[in-house]
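Overview (structure and organization)
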Amino acid sequence: MDKKLLALLVCPVSHAALEYDKEAQELVCTASGLAYPIRDGLPVMLEEEARSLTPEERLEKKGH
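Reading guide: rules and limits
- Residues numbered from 1 in each chain as written.
- Predicted model: local features only at pLDDT ≥ 70, side-chain atom pairs only at ≥ 80, totals over all residues.
- Heavy atoms only, no water.
- Helix = DSSP H or I, 4+ residues; strand = E, 2+ residues; numbered from the N terminus.
- Rg over C-alpha atoms; globule rule 2.2 N^0.38 Å.
- Buried < 20%, exposed > 50% of the residue type's maximum accessible area, 1.4 Å probe, protein only.
- Pairing = 2+ DSSP bridges.

**What to know about the overall build of the chain**
For the chain, the count of helices and strands is two helices and five strands. Listing the helices and strands of the chain from first to last along the sequence gives α-β-β-β-β-β-α. In terms of overall size, the chain behaves like a compact globule, its C-alpha atoms giving a radius of gyration of 11 Å where 64 residues would be expected to give roughly 11 Å. For the chain, the spread of C-alpha atoms along the three principal axes comes to 25 × 25 × 20 Å.

Now the structure itself:
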């Protein structure tokens, strides 16, 4: 994920910054508790396409 692009993107729900999870190919927002998929190199920034983070993932990402 291009760092310049990541710096421009925010969560469409909370408007908070996103973290890139390379292994899962997702952009993660701990503020909203959502993870947006990256498909074919393109982030899918739609709430209905995002998955909810588990409580454990939220704690892990906040402490990261």
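**What to know about the pairing of strand 3 (residues 34–39)**
In terms of burial, strand 3 is a largely internal element, five of the six residues being buried. In this sheet, strand 3 lies alongside strand 2 (residues 26–29) in antiparallel orientation, the contact comprising four bridges. Bridge pairing in strand 3 links Cys29 to Leu34. In sequence, strand 2 turns back onto strand 3 through a hairpin of four residues, with Gly33 there showing a positive phi of about 75°. Relative to strand 4 (residues 42–43), strand 3 runs antiparallel, the two being bridged by two bridges.

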